[in-house]
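Residue-level structure breakdown
If you want the building blocks of each chain, they are given just below.
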Amino acid sequence: MTLKVQVRKQRGDFLLDADFQAPTPGVVALFGRSGSGKSTLVNLIAGLDRPDAGAIRLDDEILYDAARGIDIPAERRRIGYVFQDARLFPHLSVASNLDYGAHRTRAERLITREAVCDLLALGPLLKRRVHGLSGGERQRLAVGRALLSQPRLLLLDEPLASLDAARREEVLPYLEVLRDQLSIPMVYVSHDFDEVWRLATHLVLIENGRTVAQGSVADMSLHPGLRAIVGPEALGAIVEGEVLGCDESGLMRLKVGRSELKIEPVAGAEKMLRVQLLARDIIIATQEPAHLSVRNALKGSVANIAADDESSDLIGIDIGGATIVSRITRAATRELALKPGMPVWALVKSVSLRRQARAHA
């Protein structure tokens, strides 16, 4: 089951030339700088705009094929769309906005209003008018309305971009629930990597209208193309691990590869968690450390060494089934005599682990 997109669209001096294939269900994140062509691409998928050439296929159905003259109208594609500005009916109640989504389709009712209200905590809001909702509540309502159109694909174009940090943190857990509990494929557009690494199961990098790389979030977290977009300070390996419980001090134990991480407890954690280990926060030791306050010493071996900038190297470390990365000075690389295959220990404080989120299981 896949979403296959291979399209070209010329708009003035800008050329979108996108080509990617992603497994479904899951969350496909289109990530890149503002103006890279992400919104244009989702409009082509939705059928709101027409490619100049190429094809779009969702599972076994062709939505668009220029060569074969196939162009399924937007209203027949069964695609839900959540915009940045929600686009709700301000004169209607929350319940009426939801009902509008349900009345737009003749498809089989696989998702009920009760289920949507439960997933998105909309029940207490049903009688309220849109103008009385917070930004986060509006976006939850927009998602709920799109779900009630019974989509086989859900497009979310910068749905949190207009919200402040507090409201984004309010909405993100609901999107994680949708990812983990529904089998509806989602395409998520963002230029905020915090959102992407929390939600995505497949990542497509877009730069200047072109898809420069794609793959799993774990693999793409180490891709040079990502560093070029997020900058060196946000670079780090994204890993998923199994929750093993808590130790005697109350820290949560997380199995990653053959190693074990200890992190601050995460509310609602079940079987799996996703964490990001920033390259700037990882120290390398060539001997087993002892008598240190650092709670995490991950045994592994040097997987690769790559130049980062004029004075720094990126050291890939295989910790047994997962690879993390450390940024150290080039002088340190020489002094430690690091080379591929060499045993090392990666030291990381539990407090330097970036925000955790439930992983797709």
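Let me begin by describing the structure that accompanies this report. (Residues numbered from 1 in each chain as written. Predicted model: local features only at pLDDT ≥ 70, side-chain atom pairs only at ≥ 80, totals over all residues. Heavy atoms only, no water.)

1. Brief notes about the overall build of the chain
So the rule is basically this: We count a stretch as a helix when DSSP gives it H or I for four or more residues in a row; a strand needs E for two or more, and each element gets its number in order from the N terminus. Contacts: residue pairs with any heavy atoms within 4.5 Å of one another. Each accessible area is a Shrake-Rupley result for a 1.4 Å probe, and residues are judged covered by the shown protein chains and nothing else. When charges are counted, neither His nor the chain ends are considered; positive counts come from Lys and Arg and negative counts from Asp and Glu. The atom standing in for a charge is NZ when the residue is Lys, CZ when it is Arg, CG when it is Asp and CD when it is Glu.
From N to C terminus, the chain includes nine helices and 21 strands. A principal-axis box enclosing the C-alpha atoms of the chain has dimensions of 65 × 50 × 35 Å. Within the chain, contacts between residues separated by at least 24 positions form 66% of all contacts whose residues are at least 6 apart in sequence. Of the roughly 16,700 Å² of accessible surface on the chain, a fraction of 48% belongs to carbon and sulfur atoms. Computed over 47 positive and 45 negative side-chain charges, the inter-centroid distance for the chain is 3 Å.

2. Quick notes on the side chain of T211
What counts is decided by this rule: Counted as a polar contact is a pair of N or O atoms within 3.5 Å, where, for protein atoms, one must be capable of donating a hydrogen and the other of accepting one, and residues adjacent in sequence contribute only when both atoms are in side chains.
Within the secondary structure layout, T211 lies in strand β11 (residues 210–216). Here D19 takes part through its backbone oxygen, which lies 3.1 Å from a polar atom of the side chain of T211.

3. Section: the side chain of D247
If you trace the backbone, D247 turns up in the loop between β12 (236–246) and β13 (252–256). Side chain to side chain, D247 and K262 meet in a polar contact 3.4 Å long. In contact with D247, not counting residues within four places along its chain, are R253, K262 and R295.

4. Side note on helix α5 (residues 165–181)
In an α-helix, one turn spans 3.6 residues, which is why side chains three or four residues apart end up on the same side. For the record, the criterion: The span one expects for a helix is its residue count, reduced by one, times 1.5 Å. Burial status follows relative accessibility: with a 1.4 Å probe on protein chains alone, a residue under 20% of its type maximum counts as buried, one over 50% as exposed, and anything between as partly exposed.
Taking 1.5 Å as the rise per residue, α5 with 17 residues should run 24 Å; its terminal C-alpha atoms sit 25 Å apart, in good agreement. Residues V171, L172, L175, E176, V177, L178, R179 and D180 constitute the buried set of α5.

5. With respect to the packing of aromatic side chains
The line we're drawing: Centre distance within 6.5 Å is the pairing criterion for rings of Phe, Tyr and Trp, where only the six-membered ring of Trp is used; planes under 30 degrees apart are then read as stacked, over 60 as edge-to-face, and the remainder as tilted.
Across all of its chains, the model carries three aromatic pairs by this definition. Look at F31 and F193: their rings are 5.3 Å apart centre to centre, the planes differ by 50°, and that puts the pair in the tilted class. Pair noted here: F31 is in strand β3 (residues 27–31) and F193 is in helix α6 (residues 193–199), with a separation of 162 residues, a long-range link. One exposure class covers both F31 and F193, and it is buried.

6. So, the pairing of strand β7 (residues 79–82)
The line we're drawing: A pair of strands is considered paired only if DSSP assigns at least 2 bridges between the two.
Burial of β7 is two-sided: the residues I79 and Y81 facing one way and the residues G80 and V82 facing the other way are all buried. Relative to strand β8 (residues 153–157), β7 is paired through four bridges, and the arrangement is parallel. The residue of β8 that forms the bridge with G80 is L154.

7. What about unusual backbone geometry?
Residue P25 is bonded to the preceding T24 through a cis peptide linkage, with omega at -5°. Its location among the elements puts P25 in the loop between β2 (14–23) and β3. Its identity is not glycine, yet A337 carries a phi of approximately 55°, on the positive side. Along the chain, the position of A337 falls in the loop between α9 (330–335) and β20 (343–348).

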